[in-house]
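This is what each chain is made of:
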Amino acid sequence: FAPDVIAVVGWRRELPREIAFADALKDVPKLLVMDMPWRWNIRCFAARFVLRRYVRRFRGILVHGASSARYARWLGFRPQDIHRHCILGIDLARFSAPQGNGDRTGFLFVGRNAPEKGIDTLRAAYGIYRKNGGTWPLTVPEWTEPEEVPRFMHEHACFVLPSKWEPWGVVVAEAKAAGMNLIVSDRVLAREDLPCDAVFAAGDIEGLAQAMLRLERLPLHVEENRRQVATFSTQAWVKRILSICGACGGNEEMGVKVK
């Protein structure tokens, strides 16, 4: 076992800590992988000091986006060693493939039926939206098989994510790939990395209703929405990872070719 680079996920479990400090691996470049966003609380504040020795073991850090990058800077990583959009690659082709008849209206929410998703806010806002002359339907499936999600997205014009807390929100990128417009709460952190058509304060029912009224009149620019999310594709992700690992390990090819 002679790795060129080791990617170590997090720090809470024993195995990552063992790998970071293992004498047998001390000369192997290591990258920390973290998807946690920055939050101003005791845990994040203390991490800078508690993890100082651990962080020094790594050449760089792979993070989701802007919020995780802020956390990485707080931990002590230099800006040039923080690699954004490197946690995952999304099969965008699955969402961008043409489906349906192309006639798209209506709002869609797809996600877990959990309090933090803000579904109660969405339903209340939709009632106000209809009272104020809104005409689009709202679809909130109780259960959706993953393979059915692209079809749902292609049948609607606007995706609504009213979460009270969303550490990032992969579904935002998926909706973009499907060409949808987007309304998100200000607690959806993917909005810092992807343009959204409307942002409202989490829990603000009136604010969401007004955003829905505006979005009903907003043209749907399918191709532009898809271009905005291209950097999150699987192929783009692979190329970034190989480039980062090659720079860390001194081997640009890393023995892997991207087709």
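Above: the structure in question.
Residues numbered from 1 in each chain as written. Predicted model: local features only at pLDDT ≥ 70, side-chain atom pairs only at ≥ 80, totals over all residues. Heavy atoms only, no water.

Draft legend 1. Local environment of unusual backbone geometry. A positive phi angle, close to 60°, is found at His85, a residue other than glycine. Residue placement: His85 occurs in the loop between β4 (82-83) and α5 (92-96). (Helix = DSSP H or I, 4+ residues; strand = E, 2+ residues; numbered from the N terminus.)

Draft legend 2. Molecular detail of the pattern of salt bridges. Inspection of the entire model under this criterion finds 10 salt bridges. Between Glu192 and Arg70 there is a salt bridge, with its nearest N and O atoms 3.1 Å apart. Here the residue Glu192 occupies a position in the loop between β8 (181-185) and β9 (198-200), and Arg70 occupies one in helix α4 (residues 66-75), the gap between them amounting to 122 residues. Of the charged contacts in the structure, one is a salt bridge between Asp193 and Arg84, with a shortest N-O distance of 2.9 Å. In this pair, Asp193 is assigned in the loop between β8 and β9 and Arg84 in the loop between β4 and α5, connecting sequence segments 109 residues apart. Exposure remark for Asp193: the relative accessible area of 14% places this residue in the buried category. The structure contains a network of salt bridges with shared partners spanning Glu148, Arg151 and Glu155. (Salt bridge = Lys/Arg side-chain N within 4 Å of Asp/Glu carboxyl O. Buried < 20%, exposed > 50% of the residue type's maximum accessible area, 1.4 Å probe, protein only.)

Draft legend 3. Representation of the sheet that holds strand β5 (residues 107-108) within the structure. The 5 strands are arranged β6-β5-β7-β8-β9 in an open sheet whose pairing can be described as parallel. Edge strands, defined here as strands with exactly one partner in the open sheet, are β6 (138-139) and β9. One ladder, built from 3 bridges, connects β8 with β9; its direction is parallel. Note on β9: the bridge partner recorded for Val184 is Val199. (Pairing = 2+ DSSP bridges.)

Draft legend 4. The side chain of Glu174, seen in detail. The topology assignment puts Glu174 in helix α8 (residues 170-177). Of the buried charged residues, Glu174 lacks a salt bridge, with Arg94 as the closest side chain of opposite charge at 4.9 Å. (Lys, Arg positive; Asp, Glu negative; His and termini not counted.)

Draft legend 5. A nonpolar patch on the surface, seen in detail. Together, Trp40, Phe45 and Phe49 make up a nonpolar patch on the protein surface, roughly 380 Å² of accessible area in all. Checked against the element boundaries, Trp40 lands in the loop between β2 (30-34) and α2 (42-50). (Patch = residues over 30% accessible without salt bridge, like charges linked within 9 Å, V, L, I, M, F, W, Y side chains within 5 Å. Areas by Shrake-Rupley, 256 points an atom, 1.4 Å probe, with all protein chains shown as cover.)

Draft legend 6. Quick peek at the packing of aromatic side chains. Counted according to the given criterion, the structure contains 15 aromatic pairs. Ring geometry for Trp38 against Trp74: centres 5.7 Å apart, planes inclined by 55°, an arrangement best described as tilted. Residue Trp38 is found in the loop between β2 and α2, and its partner Trp74 is found in helix α4; the two are separated by 36 residues along the sequence. Taken as a pair, Trp38 and Trp74 share a single burial class, namely buried. Following the ring pairs from residue to residue traces out a cluster consisting of Trp11, Trp38, Trp40, Phe45, Phe49, Tyr71 and Trp74. Across the ring face of Trp165, the terminal group of Arg39 is positioned such that the distance to the ring centre comes to 3.9 Å. A cation sits over an aromatic face here: Arg151 above Phe152, 4.9 Å from the ring centre. (Phe/Tyr/Trp six-rings, centres within 6.5 Å; stacked < 30°, edge-to-face > 60°. Lys NZ or Arg CZ within 6 Å of the ring centre and 35° of its normal.)

Draft legend 7. Looking closely at helix α6 (residues 119-131). For α6, built from 13 residues, the straight-helix expectation of 18 Å at 1.5 Å per residue is met to within 8% by its first-to-last C-alpha distance of 19 Å. All of the buried residues along α6 are Ile119, Thr121, Leu122, Ala125, Tyr126 and Tyr129. Viewed along the axis of α6, the buried residues span an arc of 145°, placing them on a single side of the element. At its buried positions, α6 is contacted by β5, β6, β7 (158-161), β9 and α9 (205-216). (Expected span 1.5 Å × (residues − 1). Arc of directions from axis to C-beta. Contact = heavy atoms within 4.5 Å.)

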